[in-house]
Amino acid sequence: ADAARLRFVQARALQVASEASKVFRVAIEVYDAMHYAVQRKLYFEPLEYGVLDSVLTPLFVSHNALRSVDLAFSGRPYSLSARKLWRENMTNFNHTERIMQLQSNHSDCHERLGRRGCLSGIPGRDQEWYSAAIQLPAGQESEYTSVSGYKDLLLERLGSAFKWMDS
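Note that the structure is predicted; figures quoted are calculated from it, not measured. (Residues numbered from 1 in each chain as written. Predicted model: local features only at pLDDT ≥ 70, side-chain atom pairs only at ≥ 80, totals over all residues. Heavy atoms only, no water.)

### Some details on the state of the cysteines
Then, in step 1: Scanning the entire structure with this criterion turns up one disulfide.
Then, in step 2: Across the disulfide, Cys-109 is cross-linked to Cys-118 (sulfur-sulfur distance 1.9 Å). What sets the handedness of the Cys-109 and Cys-118 disulfide is the S-S torsion sign, and at about 95° it is right-handed.
Then, in step 3: For Cys-109, a relative accessible area of 7% gives the class buried.
Then, in step 4: Residue class for Cys-118 comes out partly exposed when judged on its relative accessible area of 30%. (Disulfide = S-S within 2.5 Å. Buried < 20%, exposed > 50% of the residue type's maximum accessible area, 1.4 Å probe, protein only.)

### Some thoughts on the pattern of salt bridges
Any two side chains of opposite charge can pair, given that their charged atoms come close.
Then, in step 1: Taken as a whole and judged by the stated rule, the model has six salt bridges.
Then, in step 2: The shortest N-O distance in the salt bridge between Glu-19 and Lys-22 comes to 3.3 Å. Of the two residues, Glu-19 and Lys-22 both sit in helix α1 (residues 2-39), three residues apart, roughly one turn of that helix.
Then, in step 3: Close ionic contact of Arg-25 with Glu-29 constitutes a salt bridge, the shortest N to O distance being 2.8 Å. One end of the pair, Arg-25, and the other, Glu-29, are both in helix α1, four residues apart, so they sit about a helical turn from each other. (Salt bridge = Lys/Arg side-chain N within 4 Å of Asp/Glu carboxyl O. Helix = DSSP H or I, 4+ residues; strand = E, 2+ residues; numbered from the N terminus.)

Quick look at the structure:
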């Protein structure tokens, strides 16, 4: 009974690690897409809603795990939020349909993003996630900007995280 329980726990731990790595991979892909758009000067003004739509929509379509992307800007007092709009069948959606809702707390949100385009909550810069992110050491994000580089790091760290299973 103990051997069966141990095998079950080991298998479940591997499943959880696999799911976690998929979620992290999606986060890295969002980071890479935004970083590329900024570096190539495709996205240089935070209120370029059309550019955000073209950068994020393919990611929302291709990744079920991606539900939202929140953006705050260090030199600006406003923030943006992109949320996936659910469809019955995400693989067969009409390409003229919107699959993402952009929202902003900027004064032009209603005019440019429609009646549901305004954020009415706490600004991004005042959110807990922004405070935590701004305290991260600068420059580390560029060390693993590709999924393959991050995958190697993840496998290295997962191996040590589950070392107890080797015995």
